[in-house]
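Coordinate analysis (summary)
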Amino acid sequence: MTAETETTQSTGSCCTPTGSCHDGATEVQIEQTDEVTTAYQVKGMTCGHCEGAVSEEISGIAGVTSVAAVAATGLVTVTSKAPLAEDAVRAAVDEAGYELLGPAA
């Protein structure tokens with residue numbers, strides 16, 4: 001006597017034959033952000049302390065969500081919820097003790 005086993009081939013996932021982990025339709029929403037990223041050239045940064053001082057001052061501008069300063073290149077990359085007024089960034093950099101040369105090319 002021989003036993004036969006039938007194996008079904010699954011597609012995609014082990015959850016269901018259709019490859020879905022859910023039985024119903026699932027709507028996936030990806031939050032779209034309208035953030036703006038701008039790079040600025042800052043003169044005078046020489047070390048990590050300089051990077052921190054500039055980042056801290058720029059972070060205080062309303063709408064700024066992240067700041068990354070790199071002393072070696074003088075670049076400060078700012079992400080914000082809306083475009084920033086250059087005079088606001090200039091004032092923050094001045095407050096930190098450095099000079100804003102303008103947007104990086």
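Right, let's walk through the structure included here. In every chain, residue numbers begin from 1 and rise along the written sequence. Per-residue local features of the predicted model are confined to residues with pLDDT of at least 70, and side-chain atom pairs are confined, for both listing and counting, to 80 or more; whole-chain, interface and lining totals are unaffected and use all residues. As a rule here, side-chain values cover all heavy atoms of the structure and leave hydrogens and water aside.

Okay, the overall build of the chain next. Numbering of helices and strands runs from the N terminus, with a helix taken as a DSSP run of H or I at least four residues long and a strand as a DSSP run of E at least two residues long. Along its length, the chain carries two helices and four strands. Starting at the N terminus and ending at the C terminus, the chain contains elements arranged as β-α-β-β-α-β. Pairs at least 24 apart in sequence give 58% of the contacts found in the chain among residues at least 6 apart. Here the Shrake-Rupley method, with its probe set to 1.4 Å, supplies the accessible areas, and only the displayed protein chains count as covering residues. On the chain, roughly 7500 Å² of surface is accessible, and the fraction owed to carbon and sulfur atoms is 50%. It only takes one pair of heavy atoms within 4.5 Å for two residues to be counted as in contact.

Our next topic: helix H1 (residues 48–59). A helix's residues, less one, multiplied by 1.5 Å, set its expected span. Given a rise of 1.5 Å per residue, 12 residues ought to cover 16 Å, and the 16 Å separating the end C-alpha atoms of H1 matches this to within 8%. Along H1, the positions that sit buried rather than exposed are Cys-50, Val-54, Ser-55 and Ile-58. The arc that holds every buried residue of H1, seen down its axis, measures 125°, which confines them to one face. Facing away from the buried side of H1 by over 90 degrees, the exposed positions are His-49 and Glu-56. Buried residues along H1 sit against strand S2 (64–70), strand S3 (75–80) and helix H2 (86–96). For every residue, the accessible area (1.4 Å probe, protein chains only) is compared with the maximum for its type, and the residue is labelled buried under 20%, exposed over 50%, or partly exposed between those bounds. Regarding the arc, it is the one traced by the directions from the helix axis to the C-beta atoms.

Before going further, it helps to spend a moment on the sheet that holds strand S4 (residues 99–103). Should DSSP find at least two bridges between two strands, the strands are regarded as paired. Read from one edge to the other, the open sheet built from four strands follows the order S2-S3-S1-S4, with strand pairing classed as antiparallel. Taken across any chain shown, the strands that pair with only one partner, and hence form the sheet edges, are S2 and S4. Put simply, the sheet's adjacent strands are angled 25° from each other on average, direction ignored. Both strand S1 (residues 36–43) and S3 contribute to a ladder of six bridges, which runs antiparallel. By the bridge assignment for S3, Gln-41 is matched with Leu-75. H1 contacts S2 and S3 of the sheet and is inclined by roughly 160° relative to S2. Its contacts with the sheet place H2 against S1 and S4, and it is angled at close to 150° to S4. Angles shown run from 0 to 180 degrees and are taken between the N-to-C directions of axes, each axis being a line fitted to C-alpha atoms and, for helices, limited to the stretch in contact.

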